[in-house]
Amino acid sequence: MAKRVLVVDDEKLIVKGIRFSLEQDGMEVDCAYDGEEALSYARDHVYDMILLDIMLPKLDGFEVCQQIREFSDVPIVMLTAKGDDMDKILGLEYGADDYITKPFNILEVKARIKAIMRRTGRKEKDTKDTKMIVKGDLKLDCESRRVFSKDREINLTAKEFDLLELLAHNPNKVYSREDLLNLVWGYEYPGDARTVDVHIRRLREKIEVNPSDPKYVYTKWGVGYYFRG
């Protein structure tokens, strides 16, 4: 089945270029040019990936990302202005999985999309081996990619789930930030360690009773992070 991508940008030439290039690779591409249109598409269709610009009419990319996260864990890649680190960090804070800096090379965009899709495909195969992980009140259903604390479901983004699943599958193994960037993001990530730190903090806020005194995801100071077995 062809992969389906939603491209959201108010610059029509950029959208046209991305759409043409992705369609050449056999993907189905929908296009939106403002935040409200993007939300409508995201609610009405199932996508394998959303490319989302920050500067949009009506609703900006942060608002769109935040609202999509209320009903979907679809991978979201933000398109950010060159050198604007605050945009990148804010995008991750609002639930984005990744970011690409403008101006970008379309080959980089395609490589990034394919890497994330390959990893998602591998996840679907890998979850058949270990379908459930239980630790205390926390339960990971790896097949449906759902997480529960007692009987309450916790809504994680795709990358937050990937991080938790990797750590929980390998209890007490300490991963450096660089390890996590390569393993979870699935390629030589051009970002920095703050990407991991933001995702870990967001993950703790969702799964831990007291995020400042975690029961599950621990910090090994000066080294990285691990799941307490």
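This structure is a prediction, so every number in the text was calculated from the model and none was measured.

With that out of the way, let us pick up the overall build of the chain. Scanning the chain from terminus to terminus reveals eight helices and twelve strands. Its C-alpha atoms give the chain a radius of gyration of 17 Å, within 12% of the compact-globule value 17 Å for 229 residues. For the chain, the spread of C-alpha atoms along the three principal axes comes to 50 × 35 × 30 Å. Evaluated residue by residue, the chain yields a buried proportion of 49% over its 229 residues. Intrachain contacts of the chain at a sequence separation of at least 6 include 56% that bridge at least 24 residues. Taken as a whole, the chain presents about 11,500 Å² of accessible surface, with 48% of it coming from carbon and sulfur. Looking at the chain, you have 38 positive and 43 negative side-chain charges, and the mean spots of the two groups are 5 Å apart.

What follows deals with the domain arrangement of the chain. You can read the domains of the chain as domain 1 (4–121) and domain 2 (132–227). Between the C-alpha centres of domain 1 and domain 2 there is a distance of 23 Å. On the side of domain 2, 22 residues touch domain 1, which itself brings 18 residues to the contact. Summing both partners gives a buried area of about 1,600 Å² for domain 1 against domain 2, and 48% of it is carried by carbon and sulfur. Three residues stand out in domain 1 for area buried against domain 2, namely E93, D97 and R119, and they jointly supply 33% of the buried area on that side.

Attention shifts here to the pattern of salt bridges. As enumerated under the stated definition, the model contains 18 salt bridges in all. Taking the shortest distance from any N to any O, the salt bridge between E153 and R146 comes out at 2.8 Å. Taking the shortest distance from any N to any O, the salt bridge between D197 and R177 comes out at 2.7 Å. Residue D197 is found in helix α8 (residues 193–207), and its partner R177 is found in helix α7 (residues 177–185); the two are separated by 20 residues along the sequence. Here D197 falls in the partly exposed class, since its relative accessible area comes to 25%. Salt bridges linked by common partners bring D9, E11, D53 and K102 together as one network.

On to the packing of α7 against α8. One can describe the packing of α7 onto α8 by two numbers: an axis separation of 9 Å at closest approach and a directional angle of 80°. In terms of orientation, α7 lies roughly perpendicular with respect to α8. Along the contact surface, α7 presents R177, L180, L181 and W185, while α8 presents A193, T195, V196, D197 and H199. Counted by class, the contact of α7 with α8 contains five nonpolar, two polar and two charged residues.

Read across the sheet, five strands follow the order β2-β1-β3-β4-β5 without closing on themselves; strand pairing throughout is parallel. Bordering the open sheet on either side are β2 (28–32) and β5 (98–101), each of which pairs with just one other strand. Between one strand axis and the next, the sheet turns by 20° as a mean value, whatever way the strands run. Pairing geometry for strand β4 (residues 76–80) and β5, over four bridges, is parallel. Within β5, the residue paired with M78 across the bridge is Y99.

Take the packing of aromatic side chains next. According to the stated counting rule, one finds three aromatic pairs in the structure shown. Centroid distance Y216 to F227: 6.1 Å. Interplanar angle 15°. Geometry classified as stacked. Of the two residues, Y216 is situated in the loop between α8 and β11 (217–220) and F227 in strand β12 (residues 224–227); the sequence distance between them amounts to eleven residues. With relative accessibility at 5%, the residue Y216 sits in the buried group. With a centroid separation of 5.5 Å and an interplanar angle of 25°, the aromatic rings of Y218 and Y226 are classed as stacked. For Y218, a relative accessible area of 21% corresponds to the partly exposed category. Taking relative accessible area as the criterion, Y226 reaches 16% and is therefore assigned buried. Its guanidinium or amino end placed over the ring of F148, K139 lies 5.4 Å from that ring's centre, counting from NZ or CZ.

The rules behind each value
- The written sequence of each chain sets the order in which its residues are numbered from 1.
- The predicted origin of the model limits local features to residues at a pLDDT of at least 70 and limits the giving and counting of side-chain atom pairs to 80 or more, whereas totals for whole chains, interfaces and linings rest on all residues.
- Side-chain measures here rest on the full set of heavy atoms in the structure, leaving out hydrogens and waters.
- The secondary structure listing takes helices from DSSP runs of H or I that are at least 4 residues long and strands from runs of E that are at least 2 residues long, numbered from the N terminus.
- Atoms counted for the radius of gyration: C-alpha only. Globule rule: 2.2 Å times the number of residues to the power 0.38.
- Burial classes: relative accessible area under 20% of the type maximum marks a residue as buried, over 50% as exposed, and values in between as partly exposed (1.4 Å probe, protein chains only).
- Whether two residues are in contact is decided by their heavy atoms: any pair within 4.5 Å suffices.
- Shrake-Rupley sampling with a 1.4 Å probe provides the accessible areas, and residues are treated as covered by the protein chains on show and by no other component.
- None of His or the chain ends enter the tally, which takes Lys and Arg as positive and Asp and Glu as negative.
- By convention, the charge on Lys lies at NZ, on Arg at CZ, on Asp at CG and on Glu at CD.
- As used throughout, domain bounds are those supplied by an automatic or database domain assignment.
- Values labelled buried area give the accessible surface lost by two parts on being combined, using a 1.4 Å probe and summing over both.
- Salt bridges are defined by distance alone: a side-chain nitrogen of Lys or Arg within 4 Å of a carboxyl oxygen of Asp or Glu.
- Note on geometry: axes are lines fitted to C-alpha atoms, helical ones only across the stretch in contact, with angles between N-to-C directions running from 0 to 180 degrees.
- Orientation labels follow simple angle bins: below 35 degrees gives roughly parallel, above 145 gives roughly antiparallel, 65 to 115 gives roughly perpendicular, and whatever is left gives oblique.
- Any residue that is not Ala, Val, Leu, Ile, Met, Phe, Trp, Tyr, Cys, Pro, Asp, Glu, Lys or Arg is counted as polar, Gly included; the first ten are nonpolar and the last four charged.
- At least two DSSP bridges between two strands are needed for those strands to be called paired.
- Note on ring pairs: Phe, Tyr and Trp rings are taken, using the six-membered ring of Trp, and paired if centres are within 6.5 Å. Classes follow the plane angle, with under 30 degrees stacked, over 60 edge-to-face and the rest tilted.
- Each ring is checked for a lysine NZ or an arginine CZ that lies within 6 Å of its centre and within 35 degrees of its normal; such an atom marks a charge sitting over the ring.

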